[in-house]
Amino acid sequence: MNLSELRAFDLLGRCETGSIVNTVSLSSTGNYLAAGGFDHKVYYYDSRGTQLWNYTTGDIVYTVSISSDGSRIAAGSNDRKVYFFNREGELLWSRKTGGNINSVAVSSEGLYIATGGEDGKVYFLDKDGKLLWSFNSGDAVRSVAISRDGDYVATGSANNYVYLLDSEGKTLWGKKTGSLINSVTMTPNAYYVAAGGSNYNVYLFDRKGEFSWMHNPGYWVSSVSLSSNGSHLAAGSFDDRIYLFNLTGAKLWDYQVKDDVYAVEIAPDSSFIAAGSWDDSIYALNMSGKELWNCSCGGNINSLDVSRDSSTIAAGSEAGAVYIFKRNATAFALLSGDASFLPEEPVKTEDSSLEENIQPVEETPVDTGGIENLVEDAAASSGDKKENIKTGGKLGMEELPSEKSSSSIFGIFDSIKFPLALLIGSMAGTVFFLKRRLTKRQEMDENTEDFENLEESDT
């Protein structure tokens, strides 16, 4: 098989807007997509790229954010307003602020909205549009991030500071960096906060504000992304490179494209890193830095998003279009060398007779290619002790739905000739199934430790 002919992601839709697209945001399963751009509009699409509605604001839309189920959509415009919609496109409310809106973030359930803009303030509102609190950073707010439950808000400002605030508006910490901050991100429970700035540095902090490390990728950092468990940090830079660091700050690799990298995101299941560049292309790399896929979109890529189930990538292009891609499970498995992505195949019979042997479907352990050991290997090479680094059981799986056991028993009996055999087989199958479910559950319970489940006393 020629792997070069495989496509790890298939194009589901190319949604024409006719104007530069600045921002995109996907629901958790990729079923819904919000976008905004230079034509002053907020757009809403389904997973096939069908436009469900659009709404015209008073100026350029630079930022959108969507709730997990796609039922609530927030948008920020250069008309200084924050807008909040339901899935049907009804404007639930809008709120005027003191400056153009640069960034907006919605909590997972759509209960809280954080936003920041040119007036230097962070605003925290509830789903009904009530202002719960505001925070004055002292200079233009470039980026905000919110934890899934809305308990924490991180912000990066042009005054060179990174802040972490709680849901009551209390400043937990503020840390001065050496430059204005272009991008902030956090793990789902805010155990780690990362930022990238114009002095070419990437910064990592824990929830207590302790400075873990900074690293110089080589040029202006436009975008940062943390894996779900905090074990890896990706950065996009204007030196035309994508970078990946581990928790100790060791650079694992960098990957060069043909122009500035404006957006990066680590897939929540840590199976790939998506990036958008001004070379008109979207890239997907594995955690070892190997390119799995790329696609030219006919214009500079300003933003992208990956759904929480890691199945879908969306991107906005300066060519005036939104692109939606779906992961091709078979091609992705072959290109990444990870058989766990292969779709389950039906059990095949040797002939067309009704009678066949009863045998359980065997589960073969998947070789992950050593991804789980990247943190330890890089730490060892940089002089850090492996025993001081926790990697958890499987990277990037925090708070994702549990995997269901695929073990089952299939058998067809002649119910007239062999009623007793059918009864015995059914009982045996039930016992085997329950045993496999119990074993699977025990394995999962033993595998739950990750970077965000450190002892609560540390937080």
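Every value quoted in this text rests on a predicted model; they were computed, and no experiment measured them. Each chain carries its own residue numbering, running from 1 in the written order of its sequence. Where totals are concerned, whole chains, interfaces and linings use all residues; where local detail is concerned, this predicted model gives features only for residues with pLDDT of at least 70, and gives and counts side-chain atom pairs only at 80 or more. For side-chain calculations, the full set of non-hydrogen atoms in the structure is used, while hydrogens and water are omitted.

What follows covers the overall build of the chain. Only DSSP runs of H or I with at least four residues qualify as helices, and only runs of E with at least two residues qualify as strands; both kinds are numbered from the N terminus onward. Per the secondary structure count, the chain includes 3 helices and 34 strands. Counting every position in the chain, which comprises 459 residues, the buried fraction comes to 52%. Contact definition: two residues touch when any of their heavy atoms are within 4.5 Å. Within the chain, contacts between residues separated by at least 24 positions form 47% of all contacts whose residues are at least 6 apart in sequence. Total accessible area on the chain is roughly 20,600 Å²; 47% of this is exposed by carbon and sulfur atoms. Relative accessibility under 20% of the residue-type maximum defines a buried residue, over 50% an exposed one, and the middle range a partly exposed one, all with a 1.4 Å probe and only protein chains included. Reported accessibility uses the Shrake-Rupley method at a 1.4 Å probe radius. Residues are deemed covered only where the shown protein chains occlude them.

Another aspect to go through is the environment of serine 71. Along the chain, serine 71 turns up in the loop between strand E6 (61–66) and strand E7 (72–77). With 14 residues separating them along the chain, serine 71 and phenylalanine 85 place their C-alpha atoms 8.2 Å apart. Discounting chain neighbours no more than four positions away, the residues touching serine 71 are Phe85, Asn86 and Arg87. At 2.7 Å, the side chain of serine 71 forms a polar contact with the side chain of aspartate 69. Polar contacts, as counted here, are pairs of nitrogen or oxygen atoms within 3.5 Å of one another; within protein the pair requires one atom able to donate a hydrogen and one able to accept it, and residues that are adjacent in sequence qualify only if both atoms are side-chain atoms.

Turning our eyes to something else, we now look at the side chain of aspartate 206. Mapped onto the elements, aspartate 206 comes out in strand E20 (residues 202–206). Counted as positive: Lys and Arg. Counted as negative: Asp and Glu, with His and the chain ends omitted from the count. Salt bridges are defined by distance alone: a side-chain nitrogen of Lys or Arg within 4 Å of a carboxyl oxygen of Asp or Glu. Summary of buried charges: aspartate 206 has no salt-bridge partner, and the nearest side chain of opposite charge, lysine 208, is 5.1 Å away. A distance of 2.9 Å separates a polar atom in the side chain of aspartate 206 from the backbone nitrogen of lysine 208. Sequence-distant contacts of aspartate 206, that is, excluding residues within four places in its chain, are made with Trp173, Tyr191, Tyr192 and Ser212.

For two strands to be treated as a pair, DSSP must find no fewer than two bridges joining them. Pairing within the open sheet is antiparallel, and its 4 strands lie in the order E6-E7-E8-E9. Single-partner strands in this sheet number two, and they are E6 and strand E9 (91–96). Neighbour-to-neighbour, the strand axes of the sheet open up by a mean angle of 15°, direction not taken into account. Of the pairings in the sheet, the one linking strand E8 (residues 81–86) to E9 comprises 5 bridges and is antiparallel in character. Along E9, the bridge assignment pairs lysine 81 with lysine 96. Only the stretch in contact is used when fitting a helix axis, every axis being a line fitted to C-alpha atoms; angles between N-to-C directions are given from 0 to 180 degrees.

The next point concerns the pairing of strand E11 (residues 112–117). Within E11, 5 of the 6 residues are buried, which leaves it mostly tucked inside the rest of the structure. Two elements, strand E10 (residues 101–106) and E11, share 5 bridges in a ladder whose sense is antiparallel. In the sheet register, alanine 105 faces E11, and the bridge partner there is alanine 114. Here E10 folds back onto E11, and the loop between the two strands holds 5 residues, one of which, glycine 110, carries a positive phi near 75°. As defined by bridge partners, E11 adjoins strand E12 (residues 121–126) across 5 bridges and the pair is classed as antiparallel. Within the sheet, the bridge partner assigned to alanine 114 lies in E12 and is phenylalanine 124. Linking E11 back to E12 in an antiparallel pair, the connection comprises 3 residues, with glycine 120 at a positive phi of about 80°.

Strand order in the open sheet made by the 4 strands is E2-E3-E4-E5, with antiparallel pairing throughout. The outermost strands of the open sheet, each flanked by one partner alone, are strand E2 (21–26) and strand E5 (51–56). With direction set aside, neighbouring strand axes in the sheet form an average angle of 15°. The pairing of strand E3 (residues 32–37) with strand E4 (residues 41–46) spans 5 bridges and is antiparallel. Paired with leucine 33 across the two strands is tyrosine 45, which belongs to E4.

Now for the pattern of salt bridges. The final tally for this structure, using the stated rule, is 7 salt bridges. A salt bridge links lysine 127 to aspartate 128; the shortest N-O distance between them is 3.6 Å. For aspartate 128, a relative accessible area of 52% puts it in the exposed group. Close ionic contact of aspartate 269 with arginine 327 constitutes a salt bridge, the shortest N to O distance being 3.4 Å. Of the two residues, aspartate 269 is situated in the loop between strand E26 (261–266) and strand E27 (273–277) and arginine 327 in strand E32 (residues 321–327); the sequence distance between them amounts to 58 residues. The burial state of aspartate 269 is the same as that of arginine 327; both residues are buried. Through salt bridges with shared partners, a single network forms among Arg241, Lys251 and Asp254.

Each nonpolar core is a collection of buried residues, namely Ala, Val, Leu, Ile, Met, Phe, Trp, Tyr and Cys, held together in the definition by side-chain atoms within 4.5 Å. One finds Phe9, Phe272, Ile282, Trp293, Ile313, Phe325 and Phe332 to be the most contacted residues of the largest nonpolar core, which totals 24 residues. Sorting the residues of this core by element identifies strand E28 (281–285), strand E29 (291–296), strand E30 (301–306), strand E31 (312–317), E32 and helix H1 (329–336) as the ones contributing at least two each. Setting aside chain neighbours within four positions, we find phenylalanine 325 in contact with Phe9, Asp10, Leu11, Leu12, Ile282, Trp293, Cys295, Cys297, Ser311, Thr312 and Ile313.

This next bit is on the packing of aromatic side chains. Here is the rule: rings of Phe, Tyr and Trp (six-membered ring for Trp) pair when centre to centre is within 6.5 Å. Planes less than 30 degrees apart are stacked, more than 60 are edge-to-face, and the remainder are tilted. Inspection of the entire model under this criterion finds 31 aromatic pairs. Aromatic pair tryptophan 173 and phenylalanine 205: ring centres 5.1 Å apart, planes at 40°, arrangement tilted. Within this pair, whereas tryptophan 173 is found in strand E17 (residues 171–176), its partner phenylalanine 205 is found in strand E20, the two being separated by 32 residues in sequence. Of the two residues, tryptophan 173 and phenylalanine 205, neither departs from the other in class, the shared state being buried. Its end group placed over the ring of phenylalanine 332, arginine 327 keeps NZ or CZ at 4.9 Å from the ring centre. Two limits define a charge over a ring: the Lys NZ or Arg CZ must be within 6 Å of the ring centre, and within 35 degrees of the ring normal.

Another point: the environment of serine 310. Relative to the assigned elements, serine 310 resides in the loop between E30 and E31. On the accessibility criterion, serine 310 (0% relative accessible area) is buried. Residues serine 310 and arginine 327 lie 17 residues apart in sequence; the distance between their C-alpha atoms is 8.1 Å. In contact with serine 310, other than residues within four places in its own chain, are Ala267, Pro268, Asp269, Phe272 and Arg327.

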